[in-house]
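Remarks on the overall topology
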Number of protein chains: 2
Amino acid sequence: MVDIEQANKTAVERMMSARPILKSVATARDVIPGMHENLLLHAGPPITWERASGPMRGGIIGALIFEGRAANAAEAEALVLSGEIELSPCHEHDAVGPMAGVTSPSMKVYVIENVTHGNRAYSNLNEGYGKVLRYGAYSEEVIAKLQWMNDVMGKAIADALDANPEGIDIGTLLAESLHMGDEGHNRNKAGSLIFTTRLAPLVVPVVEDSRVTAEILRFLAENALSVLNPVMAACKAMADAGHGVEGSTIMTVMARNGTDLGIRVSGLGDQWFTGPVGQPAGLYFPGFTAEDASGDIGDSTITETAGIGAFAMASAPAIVTFISGTPEDALNATLEMYEITETEHTRFTIPALGFRGTPTGVDIRKVVELGITPRINTGIAHKDAGVGQVGAGLTRPPMSVFEDALVAYAGRYLM
Amino acid sequence: MVDIEQANKTAVERMMSARPILKSVATARDVIPGMHENLLLHAGPPITWERASGPMRGGIIGALIFEGRAANAAEAEALVLSGEIELSPCHEHDAVGPMAGVTSPSMKVYVIENVTHGNRAYSNLNEGYGKVLRYGAYSEEVIAKLQWMNDVMGKAIADALDANPEGIDIGTLLAESLHMGDEGHNRNKAGSLIFTTRLAPLVVPVVEDSRVTAEILRFLAENALSVLNPVMAACKAMADAGHGVEGSTIMTVMARNGTDLGIRVSGLGDQWFTGPVGQPAGLYFPGFTAEDASGDIGDSTITETAGIGAFAMASAPAIVTFISGTPEDALNATLEMYEITETEHTRFTIPALGFRGTPTGVDIRKVVELGITPRINTGIAHKDAGVGQVGAGLTRPPMSVFEDALVAYAGRYLM
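**As for unusual backbone geometry**
All names here are of chain A. Even without a glycine there, the phi angle at Asp-94 is positive, about 60°. The topology assignment puts Asp-94 in the loop between β3 (86-89) and β4 (95-96). With 20 C-beta atoms packed within 10 Å, Asp-94 lands in the buried category. In this model, Phe-355 sits at a positive phi of 65°, which is unusual for a non-glycine residue.

Printed below as a string of structure tokens:
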């Protein structure tokens with residue numbers, strides 16, 4: 001008989017003892033397992049063009065234009081429909097991407113190494129706010145910014161990290177930023193400033209032109225989500241360390257592609273359990289309403305999976321100005337998540353709760369038994385390809401994915 | 001008959017509508033009113049060498065060595081006792097300095113301009129932790145660091161601001177940092193990161209040697225108090241805007257020199273009301289105890305005077321690991337200060353209290369009537385010259401200074 005309690009303890013202890021270090025920036029084709037010239041990675045569980053949401057289609061179109069494989073949306077769509085382009089979840093390649101999460105072979109990616117257990121995780125570079133690929137925009141300015149990020153900023157950070165192989169400890173950065181009003185998912189203001197100031201002295205000596213250095217440092221500092229992507233890859237590296245523990249009911253992946261939300265469970269191998277995504281409720285930018293919103297999308301829920309994000313809302317009372325609610329709601333969000341998690345994080349603590357650890361390791365048994373699904377903080381994309389972000393808010397996964405996973409667990413371990 | 005309520009409203013509204021902008025870094029002798037070659041400014045109300053505390057004497061000795069006026073402590077002491085050197089409070093020259101606050105003619109200072117009312121305020125550069133002049137240390141390494149700060153870092157920031165005359169808005173920076181776990185006095189982690197990232201793209205183009213740029217950016221980023229001095233000068237510029245309102249009972253200066261604490265009141269001109277300093281209670285660094293502590297010292301209580309610092313503790317629950325107490329104590333500290341203040345700040349808000357403004361404008365009438373003195377967060381200096389910081393903690397001013405001020409007020413306005 002499998003010892004579920006022990007298995008869950010092992011899974012969560014592995015997640016918490018992981019030490020995710022940003023080691024380098026490299027080109028996706030050179031480092032991501034299984035990446036090839038005709039492969040595009042995307043957020044969430046597997047999806048086809050036919051079922052893909054607007055922002056996911058927009059991300060795919062933009063990535064193919066960026067790669068020089070298509071000149072416009074029609075050519076990109078034809079190329080995908082021809083079968084020449086393969087679509088595969090980031091999560092099936094040790095990677096994660098925010099919102100559409102489309103990652104193509106030429107894109108630079110952050111390489112995170114969990115130095116405790118040796119596994120690696122990857123994420124693309126963050127584009128900032130406004131018209132951006134991850135929200136499905138693909139205009140000329142979007143592609144030009146991606147090129148600058150890849151060739152100029154990405155190269156500079158790559159060179160800086162090559163010259164400083166000790167890297168940047170993203171786990172420590174996260175622990176600090178949770179004491180500075182971040183929750184690590186939708187609010188990464190402090191973390192992005194820490195990240196910028198750690199990188200600055202490393203970037204300065206490797207860039208010739210000081211105007212370029214200034215431009216890079218300004219871009220990193222003014223983008224309050226600069227650190228989101230390395231944080232996501234760090235969370236992926238931590239969550240992966242807890243994956244594959246025989247008999248464990250701990251959720252190790254939760255991700256959305258705009259159409260389906262999928263989870264994976266530590267003791268259930270690489271099987272996805274999927275269901276329809278929710279519609280986030282939140283605050284919309286001027287000129288937009290809930291009518292404009294795409295379904296929930298992105299791999300950024302790897303943060304909640306690792307014990308931060310919406311689970312650490314009590315650390316980030318100021319976030320309510322961005323995603324709606326009151327500071328009391330923020331406290332209650334964290335308190336509720338203790339109900340469905342295995343333990344309290346040993347490294348990530350919340351000053352406002354007397355330095356209690358964040359709720360960590362969603363146990364699918366508790367979710368089903370208590371009828372409480374995990375909370376998700378998220379950006380909201382426009383439902384159509386080519387537009388971009390329209391707001392930010394809160395949502396939850398469908399209960400059915402936890403029920404399906406529990407049925408599969410029973411079939412595997414209890415029959 | 002004077003309308004006290006209206007006068008206090010005017011004083012506090014002037015404080016809150018002040019917009020303190022960091023405009024430049026310049027040499028003290030060139031910008032501070034009344035500065036001359038034989039003048040040393042110091043923290044707190046007026047003090048003589050004979051009555052000066054250990055850290056104050058250490059700061060004076062170090063400043064004279066830095067200026068090349070003395071080769072060692074004995075020479076410095078002889079020079080001061082000869083009467084050649086004049087000692088004068090920073091506050092009597094539109095300036096403020098943390099801890100001993102000793103500011104000499106050659107030192108670079110931040111120049112803050114309140115662009116609403118046109119007044120200026122000044123503060124020296126922050127040395128970081130460890131053996132530092134402001135805590136009374138004056139060894140060779142202390143002087144060498146001061147020289148580097150003055151000639152290299154100070155010059156770079158001066159050149160950077162000269163090339164960017166719009167400056168850096170310290171009021172906005174403070175408002176942001178209060179949403180990121182700072183209280184602006186003993187915790188300036190977020191503010192210092194914001195400051196570093198705002199300065200970085202301005203400093204990069206004005207420094208030739210990229211190794212020097214990297215060194216400056218690393219120094220600013222690793223010093224969690226980098227922004228304390230511009231913040232103090234910003235608070236001075238704000239508090240001064242509320243000073244001199246006929247009939248007002250609002251405190252506009254509170255400062256300590258290690259022996260005496262002094263306050264000034266808006267409607268009572270430049271008169272100091274002084275009494276003995278308290279002994280901070282707090283947490284000591286390994287190897288030190290309360291036996292080693294100097295009396296309360298420094299102009300940094302200009303932060304509490306302007307409505308932040310201990311008054312904004314509810315914003316900074318993580319600070320209790322540094323100055324003692326619990327996160328609940330931090331909330332209660334702010335709640336208590338609402339009792340003795342005129343209003344809630346319109347720009348500085350506290351997310352954890354539902355974005356309530358910080359308690360702003362200490363009314364000396366309320367202090368005496370309720371028997372509640374202002375709270376102070378502070379670093380703790382060693383009582384002997386030449387040692388440095390031994391801890392951090394909490395204290396209060398003596399009630400007598402508020403009683404004396406109230407008696408003077410009655411004598412002036414009510415007789």
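Having put the structure on the table, let's press on.
**With respect to the sheet that holds strand β10 (residues 273-276) of chain A**
All names here are of chain A. Spatially, four strands are ordered β10-β9-β8-β12 in an open sheet, and the strand pairing comes out antiparallel. What marks the edges here is a single partner per strand, and that holds for β10 and β12 (297-298). In terms of strand pairing, strand β8 (residues 251-257) meets strand β9 (residues 260-265) through five bridges, oriented antiparallel. Residue Met-251 lies in a different strand from β9, and its bridge partner there is Val-265. Against the sheet, helix α14 (residues 399-414) makes contact with β9 and β10, and its axis sits at roughly 155° relative to β10, the strand it touches most.

**Details of the domain arrangement of chain A**
Residue and element names in this part refer to chain A. The domain boundaries assigned to chain A delineate domain 1 (19-231) and domain 2 (245-414). The C-alpha centroid of domain 2 is placed 21 Å from the C-alpha centroid of domain 1. Contacts between domain 1 and domain 2 engage 43 residues on the former and 49 residues on the latter. If you list the elements that add at least two residues to the side of domain 1 that touches domain 2, you get α3 (54-66), α6 (170-177) and α9 (228-241). Of the residues that constitute the side of domain 1 that touches domain 2, the class distribution is 21 nonpolar, 16 polar and six charged.

**Quick notes on the sheet that holds strand β16 (residues 389-395) of chain B**
Within a sheet, each strand pairs with its neighbour through backbone hydrogen bonds, oriented either parallel or antiparallel. Residue and element names in this part refer to chain B. As summarised here, the arrangement of the three strands in space is β11-β16-β15, forming an open sheet in which the pairing is antiparallel. Looking at which strands have only one partner, the edges of the open sheet turn out to be β11 (281-284) and β15 (376-381). Taking each pair of neighbouring strands and ignoring which way they run, the sheet shows an average axis angle of 25°. In this structure, β15 lies alongside β16, joined through six bridges in antiparallel fashion. Looking across to β16, one finds that Ile-376 is bridged to Thr-395.

**Side note on the nonpolar core**
In this structure, Ile-112, Val-203 and Ala-405 of chain A together with Ile-112, Val-203 and Ala-405 of chain B are the most contacted members of the largest nonpolar core, which totals 274 residues. For Ala-405 of chain A, the residues in contact, after removing those within four places along its chain, are Ile-263, Val-265, Leu-268, Phe-273 and Ile-364 of chain A.

**A few points about the interface of chain B and chain A**
With 27 residues of chain B at the interface, the matching set in chain A holds 27 residues. Here the side of chain B that touches chain A takes eight residues from helix α7 (residues 189-203) of chain B, the largest share from any one element. Within the side of chain B that touches chain A, the residues separate by chemical class into 16 nonpolar, eight polar and three charged.

**Regarding the relation of the copies chain B and chain A**
Each copy of the chain is related to the other by a rotation around an axis and a translation along that axis. Aligned on chain A, chain B shows an RMSD of 0.0 Å; the corresponding rotation is 180° and the shift along the axis is 0.0 Å. Taken together, the turn and the small shift mark the pair as related by a two-fold rotation axis. Using C-alpha coordinates, one finds that chain B approaches the rotation axis most closely at Met-180 of chain B, a distance of 2.2 Å.

**What to know about the pairing of strand β1 (residues 20-27) of chain B**
Taken together, the seven bridges between β1 of chain B and strand β5 (residues 108-114) of chain B define a ladder with antiparallel strand orientation. Bridging across to β5 of chain B, Thr-27 of chain B finds its partner in Lys-108 of chain B.

**Description of the packing of α3 of chain A against helix α4 (residues 73-81) of chain A**
Residue and element names in this part refer to chain A. As a packed pair, α3 and α4 sit with axes 9 Å apart at the nearest point and diverge in direction by 100°. As the angle between them shows, α3 and α4 are arranged roughly perpendicular. Seen from α3, the contacting residues are Ile-60, Ile-61, Leu-64 and Ile-65; seen from α4, they are Ala-73, Ala-76, Glu-77, Leu-79 and Val-80.

**Re α9 of chain A**
An ideal rise of 1.5 Å per residue puts 20 Å on 14 residues; α9 of chain A measures up with 20 Å between its terminal C-alpha atoms. Within α9 of chain A, 14 of the 14 residues are buried, leaving the element largely enclosed by the surrounding structure.

**Thoughts on helix α8 (residues 210-222) of chain B**
Over its 13 residues, α8 of chain B extends 18 Å from the first C-alpha to the last, a length consistent with the 18 Å expected when each residue adds 1.5 Å. When we look at burial in α8 of chain B, the residues that qualify are Thr-213, Ile-216, Leu-217, Phe-219, Leu-220 and Ala-221 of chain B. Where the residues of α8 of chain B are buried, they touch α7 (189-203) of chain A together with α5 (140-162) and α7 of chain B.

How each quantity is defined
Residues numbered from 1 in each chain as written. Chains lettered and ligands numbered in written order. Predicted model: local features only at pLDDT ≥ 70, side-chain atom pairs only at ≥ 80, totals over all residues. Helix = DSSP H or I, 4+ residues; strand = E, 2+ residues; numbered from the N terminus. Buried ≥ 20, exposed ≤ 12 C-beta atoms within 10 Å, placed from the backbone. Pairing = 2+ DSSP bridges. Contact = placed C-beta atoms within 7 Å. Axes fitted to C-alpha atoms, helices over the stretch in contact; angles between N-to-C directions. Domains from an automatic or database assignment. Nonpolar A, V, L, I, M, F, W, Y, C, P; charged D, E, K, R; others polar. Core = buried A, V, L, I, M, F, W, Y, C linked by C-beta atoms within 7 Å. Least-squares fit on C-alpha atoms with pLDDT ≥ 70 in both. Parallel < 35°, antiparallel > 145°, perpendicular 65-115°, else oblique. Expected span 1.5 Å × (residues − 1).

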